[in-house]
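Analysis of the macromolecular model
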Amino acid sequence: MQYTLNKNTAGEIKIEFTITATEVDHQELVVINEVNQNRSFPGFRPGKASVEKIREVMGDKVVFETAIERLMKKALSEAIEQEDIIPAGQPWYEEGSVKKGEEVSFSVTLPLYPTVTTLPDPTTLTFSKQTTVVGEAEVEVLLGKLRESREEYSEAGAEVMTAVGQKITVDLEIKREGVMIPGGKTENYLVFTKYPENYLPGFIEKLLNHRLGEASEFKLAFPADYANETLAGGEFDFLVDIKGIAVVSVPELTDDFAKKYGKTDLEALRTQISENLIAENAEAENNRQQQGVVELLVENSKFGPISVLLINQEVNKMLAELKSWVNSKEVEFEDYLKREGVTVDKIKLDFTPRAIQRIKAGIVLGEIAKKEGLAGETDQKTWKLVIDYLVGVMVK
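Residues numbered from 1 in each chain as written. Predicted model: local features only at pLDDT ≥ 70, side-chain atom pairs only at ≥ 80, totals over all residues. Heavy atoms only, no water.

**As for the packing of helix α1 (residues 21-38) against helix α3 (residues 60-83)**
To keep it simple, the criterion reads: Geometry is summarised by axes, namely lines fitted to C-alpha atoms with helices restricted to the contacting stretch, and by angles between N-to-C directions that run from 0 to 180 degrees. Helix and strand definitions follow DSSP, with helices as H or I runs of at least four residues and strands as E runs of at least two, each counted in order from the N terminus. Oblique is the label for any angle not covered by the other classes, which are roughly parallel (under 35 degrees), roughly antiparallel (over 145) and roughly perpendicular (65 to 115). Every residue pair with non-hydrogen atoms within 4.5 Å of one another is taken to be in contact. Gly counts as polar in this scheme, as do all residues outside two lists: the nonpolar Ala, Val, Leu, Ile, Met, Phe, Trp, Tyr, Cys and Pro, and the charged Asp, Glu, Lys and Arg.
Interhelical geometry of α1 versus α3 gives an angle of 110° and a closest axis separation of 9 Å. The pairing of α1 with α3 is recorded here as roughly perpendicular in orientation. For the pair α1 and α3, contact is made by Glu-23, Val-24, Gln-27, Glu-28, Val-30, Val-31, Ile-32 and Glu-34 and by Val-63, Phe-64, Thr-66, Ala-67, Ile-68, Arg-70 and Leu-71, respectively. Class assignment for the residues of the contact of α1 with α3 results in nine nonpolar, two polar and four charged.

**Brief notes about the pairing of strand β2 (residues 12-19)**
We count it as follows: Strand pairing requires that DSSP identify at least two bridges connecting the strands.
The pairing of strand β1 (residues 2-7) with β2 spans six bridges and is antiparallel. Residue pairing for β2: Tyr-3 is matched across the bridge by Phe-17. The antiparallel hairpin formed by β1 and β2 contains four residues in its connecting segment, where Gly-11 sits at a positive phi of about 75°. Bridge count for β2 against strand β4 (residues 104-111) is eight bridges, and the pairing is antiparallel. Bridging across to β4, Phe-17 finds its partner in Phe-106.

**Let's talk about helix α9 (residues 333-340)**
The criterion, for reference: Buried residues are those whose accessible area, probed at 1.4 Å on protein chains only, stays under 20% of the maximum for their type, while exposed residues exceed 50% and partly exposed ones sit between those limits. Directions pointing from the helix axis toward each C-beta atom define the arc.
For α9, the full list of buried residues reads Phe-333, Tyr-336 and Leu-337. The buried residues of α9 occupy one face: seen down the axis, they fall within an arc of 100°. Of the exposed residues in α9, the ones pointing more than 90 degrees away from its buried face are Glu-334 and Lys-338. Downstream of α9 by a residue or two, Gly-341 has a phi angle that is positive, lying close to 65°.

**What about the side chain of Ser-216?**
The test is simple: A 3.5 Å cut-off defines polar contacts: any pair of N or O atoms within that distance qualifies, except that in protein one atom must be a possible hydrogen donor and the other a possible acceptor, and neighbouring residues in sequence count only when both atoms are side-chain atoms.
Mapped onto the elements, Ser-216 comes out in strand β9 (residues 215-221). For Ser-216, a relative accessible area of 4% translates into the label buried. Looking at Ser-216, its side chain comes within polar contact range of the side chain of His-210, at 3.4 Å. In this structure, Ser-216 is in contact with Lys-206, Leu-207, His-210, Phe-238, Leu-239 and Val-240, ignoring residues within four places of it in sequence.

**A word on the packing of aromatic side chains**
Heads up, the rule is: Side-chain rings of Phe, Tyr and Trp (the six-membered ring for Trp) are treated as a pair once their centres are within 6.5 Å; stacked means planes under 30 degrees apart, edge-to-face means over 60, and tilted covers the remaining angles. Criterion for a charge above a ring: Lys NZ or Arg CZ within 6 Å of the ring centre, and within 35 degrees of the ring normal.
Going through the model one piece at a time under the given rule, you end up with 12 aromatic pairs. Seen from their ring centres, Phe-222 and Tyr-226 are 4.8 Å apart, and the 65° between their planes marks the pair as edge-to-face. A relative accessible area of 6% places Phe-222 in the buried class. Taking the ring centre of Tyr-261 as reference, the NZ or CZ of Arg-150 above it sits at 4.8 Å.

Put into structure tokens, the structure is as follows:
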């Protein structure tokens, strides 16, 4: 096996390999021997099958390709060790001449870690801290949300639909030119009048002042940017039969209300809410500082070229993270793409600037870790030590 190195100006190194036909033949025999030791062949004692029989069963092509794959990986591993190369990502293989009985040639491109040509002293950079004060208004807003979470609906005496906090139960049909659209018939559909933004524009208004038991017919158009392209921009006939009207009631803010949340009285509940908001604000500020100091350090650093291979691999990693998050919401990724109106290629393009930023952040954090002698049991713990150090010296 022979190789030559070609380091380019794009943050990569290309290694061109040649493997002799003799080396390939030898590796094929190694593959065949391993199969012979681990597989039974009719008419032969264990481990005693002939080379010809194994080639017949496996196929010459499979034996050859298996040998080539092993030799490629072995050649790359030896070259990396001999040349003291530290790859920053996965290799990119390109086959040259790969024919049985002939010398094999191929090349491997490896992304390298970008160099930091300028790394500022973190103590010379300042990231300003922010102080937030929790006032009575913020507490009352959250109290209002707690009241809403305890709201109840009553149908007693509710006969006319109004826009004042009602829950309407309807049977709904949506047609176009007399033909029901797919999924256009729904029974016991709930309509909450306090959230008109959740429905088609004009839907709530069309039902106003209709009485319990009445059927209402009207036309509505779906927005031009509606997620379902077959409906977007089209005008449809709606038939709505009002089956139930319930009026909302919200509990008063009293000591009894506070007791539902484990507090002795309303003031104790207000105090707890205030403390919770203070803690949430402190956590948000801490996260802002941790992200901000790294971004400021990256912004004031200068880097050598970053490999396109490395960027693409980081983008794919981010895409995998997105897919995992979508799946955790019990949503199929294809459905997510349709709902958001995007393609995988568009997502990758949008991810690229962030991918570059993540690569740069990892590089500068590594440089600071080496410079300050910070090391944890894992990479994650090391990064935490570095970020805590940066927050300590940069936040003022």
